[in-house]
Amino acid sequence: MAIFHFTVKIIGRSKGRSVISASAYLNGDVMKNEETGEFSRYTSKKEVVFSHLSMCANAPPEWQTVPEENIKRFMNSTRYKRAADKDMALRKFKTTFQKQRLWNEVLKVEKSSDAQLARSFEFSLPHEWSRVQQIQFTNLYIRRNFVEKGMCADWSIHDKGDGNPHVHLLVTMRPFNPDHTWGSKEMKDWAFVRDEQGNPIIDPSHPNWWQDKKNPERCGIRIPLLDNDGNQKTDARNRKQWKRVLTDATGWNNPKNCELWRADWAIECNSHLPPEEHIDHRSFARQGKVELPTIHEGANARKIAEKFQAGETDMPSWKAEENQSVKEQNDVIRMVQENLKKLSKLLEEWKGRLYDLRRKRRAFEDIRRIDSANRRTAGSDGRTLPGTADAGKPNSKTQRSDFGIEALKRRIAEIADIHTRYERIAADFREAESTRGRDPALEDLCSEYEQRKRDAAETERRIAAINQSRSRSGQNRSKDGQSVLITDHEDRILASDQDSSEALVNKGTSQIRENQQIPKPQKRQSVLKRLDEKKRIVAEREKEKEQNQSRRRGRSR
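Here is what the cut-offs are and how they apply
Residues numbered from 1 in each chain as written. Predicted model: local features only at pLDDT ≥ 70, side-chain atom pairs only at ≥ 80, totals over all residues. Heavy atoms only, no water. Pairing = 2+ DSSP bridges. Helix = DSSP H or I, 4+ residues; strand = E, 2+ residues; numbered from the N terminus. Axes fitted to C-alpha atoms, helices over the stretch in contact; angles between N-to-C directions. Contact = heavy atoms within 4.5 Å. Polar contact = N/O pair within 3.5 Å; in protein donor to acceptor, adjacent residues only side chain to side chain. Phe/Tyr/Trp six-rings, centres within 6.5 Å; stacked < 30°, edge-to-face > 60°. Buried < 20%, exposed > 50% of the residue type's maximum accessible area, 1.4 Å probe, protein only. Salt bridge = Lys/Arg side-chain N within 4 Å of Asp/Glu carboxyl O. Left-handed = near helix turned anticlockwise from the far one by under 90°. Nonpolar A, V, L, I, M, F, W, Y, C, P; charged D, E, K, R; others polar. Patch = residues over 30% accessible without salt bridge, like charges linked within 9 Å, V, L, I, M, F, W, Y side chains within 5 Å. Areas by Shrake-Rupley, 256 points an atom, 1.4 Å probe, with all protein chains shown as cover. Expected span 1.5 Å × (residues − 1). Parallel < 35°, antiparallel > 145°, perpendicular 65-115°, else oblique.

### Brief notes about the sheet that holds strand S6 (residues 153–158)
- As summarised here, the arrangement of the 5 strands in space is S1-S5-S7-S6-S4, forming an open sheet in which the pairing is antiparallel. Since the sheet does not close on itself, it has two edges, and those belong to strand S1 (6–12) and strand S4 (48–54), each with one partner. Neighbouring strand axes in the sheet, compared pairwise and without regard to direction, differ in orientation by 15° on average.
- Relative to strand S5 (residues 116–124), S1 runs antiparallel, the two being bridged by 7 bridges. Across the sheet, the residue bridging to Lys9 is Ser120, located in S5.
- In the packing of helix H5 (residues 131–145) onto the sheet, contacts are made with S1, S4, S5, S6 and strand S7 (166–172), and the angle to S6 comes to roughly 155°.

### Comments concerning the side chain of Asp212
- Summarising the element assignment, Asp212 is placed in the loop between strand S9 (209–211) and strand S10 (219–221).
- Only 3.3 Å separates the side chain of Asp212 from the backbone nitrogen of Lys214, close enough to count as a polar contact.

### Description of the packing of aromatic side chains
- Within the structure shown, the criterion is met by 22 aromatic pairs.
- Look at Phe121 and Phe146: their rings are 5.0 Å apart centre to centre, the planes differ by 55°, and that puts the pair in the tilted class. Note that Phe121 is positioned in strand S5 and Phe146 in the loop between H5 and S6, a separation of 25 residues in sequence. Taken individually, Phe121 and Phe146 each receive the classification buried, so the pair is uniform in this respect.

### Some remarks on the pattern of salt bridges
- Applying the stated rule across the entire model yields 18 salt bridges.
- Residue Arg536 pairs with Glu540 through a salt bridge whose shortest N-O separation is 2.5 Å. Here the residue Arg536 and the residue Glu540 both occupy positions in helix H13 (residues 527–556), the gap between them amounting to 4 residues, near one helical turn.
- What makes Arg536 partly exposed here is its relative accessible area of 38%.
- Judged by its relative accessible area of 44%, Glu540 is partly exposed.
- Several salt bridges share partner residues, and in doing so they unite Glu110, Arg174 and Lys185 into one network.

### Thoughts on the packing of H5 against helix H6 (residues 256–270)
- Where H5 contacts H6, the axes come no closer than 11 Å and their chain directions differ by 145°. Here the hand of the crossing between H5 and H6 comes out right-handed. Contacts between H5 and H6 involve Phe137, Thr138, Tyr141, Arg144 and Asn145 from the former and Trp261, Asp264, Trp265 and Glu268 from the latter.
- Across the contact of H5 with H6, the residue classes break down as 4 nonpolar, 2 polar and 3 charged.

### What to know about the environment of Lys307
- Summarising the element assignment, Lys307 is placed in helix H8 (residues 298–310).
- In sequence terms Lys307 and Ser317 are 10 residues apart; their C-alpha atoms lie 9.5 Å from each other.
- Among residues more than four places away in sequence, those in contact with Lys307 are Glu312 and Thr313.

### Section: unusual backbone geometry
- Positive phi values are uncommon outside glycine, yet His180 reaches one of about 70°.
- With respect to the helices and strands, His180 occurs in the loop between S7 and strand S8 (186–190).
- Although it is not a glycine, Asn238 adopts a positive phi angle of roughly 65°.
- Along the chain, Asn238 falls in the loop between S10 and strand S11 (244–248).
- Classification of Asn238 as exposed rests on a relative accessible area of 60%.

### Thoughts on a nonpolar patch on the surface
- Nonpolar side chains collect at one region of the surface, where Val332, Met335, Val336, Leu340, Leu343 and Leu347 lie side by side and expose about 560 Å² of accessible area between them.
- Tracing the backbone shows Val336 in helix H9 (residues 318–374).

### Quick look at helix H4 (residues 86–109)
- For H4, spanning 24 residues, the distance from its first C-alpha to its last is 35 Å, which sits close to the expected 34 Å at 1.5 Å a residue.
- The N-cap of H4, judged by a side-chain oxygen 3.4 Å from the amide nitrogen of Asp87 a few residues on, is Asp85.

### Here's the deal with the packing of helix H1 (residues 19–27) against H4
- Remark: H1 packs on H4, axes separated minimally by 9 Å, with the N-to-C direction vectors making an angle of 160°. It follows from the interaxial angle that H1 and H4 lie roughly antiparallel. Along this stretch, H1 crosses H4, giving a crossing that reads as right-handed. Along its contact with H1, which presents Val19, Ile20, Ser23, Leu26 and Asn27, the element H4 presents Lys92, Lys99, Gln100, Trp103, Asn104 and Leu107.
- Across the contact of H1 with H4, the residue classes break down as 5 nonpolar, 4 polar and 2 charged.

Here is the structure:
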């Protein structure tokens, strides 16, 4: 699996580091420091598999040539004569000579004791790449981010065969002018008044406003230098003194560049890796991971750990011990995450099962409620009339159900609707009679209509009588609070009246449709048939429930 490792350091005089020694190390060769006359020898390093020098466009072209006398001196050396591949040894010598000259020229221009000589990079290579791919993709990345910006890059690939190929890179920190001379890393400029975002404030009306005539974009409000009395300082020519600051002439020292270089290397690697092998330059905290990060051990720490395991030393490497502890903690975190995922999955399954049970129970209760309403019994859904002595006792046989009153009201409304439809049918009869003339069948139907109209009036009278008797019974109820129920005889009367009215309406409608050649409407299903159908559905669901319970009992055994 590809890993991400990318470090950036500064090689400077203040820490006593030598850029010649650093270049000799990454190239695995011998280099001479012309400033001190010392040699840095790293010929024993055998892990250097590739080395290259990339010069920028403005670099002096003569630095890339090797004098003939130096080539002859090398060909007469013992190292060249003992080399198995003399052409490769000669190419390596030329590359090393060019690098040696580059860094010696850097030492000549950087004279201060705290001068920054070079910027050092070290980043890992995906071991999934072949050697050709490692060289090709690394070269593209270095040219895009450093060489094209004006830096010279000295880089090599190290690989010991332990699955950790990596790149060592040194880049210059001072730019070149177009005439191939060294440029300035920093430049002095006026200190301008800036806003909260760090941009110069633009106000030409300010008395301290200044603008460069050659470069109008270089402008702002200058900050005066003040003495102890608060007056602006002046020089020997009585010129006003203004505050000046050093600014980066190239922009290479911007701290944000490090993040950009790391991100671009991650993008370069991911563009040539499968999705499951992608790397990320961000920390675990920025990625939102709960795992703990390990620390970089380095070669020395690994050597100490190997000696400790072999019994050659009593003190282990604290870095190796720390990483081992972090790995164990990450294993525990990973195990907890897996268990939480399994638990979450089980909870989702149980949630779905509970939802199914609730849905089935709700459907069964709906069917039972409909069945109870059709039978016009209080059952488990019955409620007592308010104001009675047994109010609040849902299972009392002597209580009056509110559902019965609501059903009676609905039936009265249905009867009224039936009579309204009947009036409309009669109007159609009259219209048909006036247009087509008197028909014996229509005369019979009209006479039957008059008879049914009288029956409907009688039904309304009976309903009014029932309501009046119920109100009188409510006023004269006995002391124990029992209420008077609507008798089954009265229900049968209402049902017979409703059925007879519906039959008359259906008969009249069929007669009119037959005379006017109107298609017959679909017959409505009777109440008894619907009740039988719903009872059958309830019985089937009860049977299915009993079968499921028997299966669960069998599995539990």
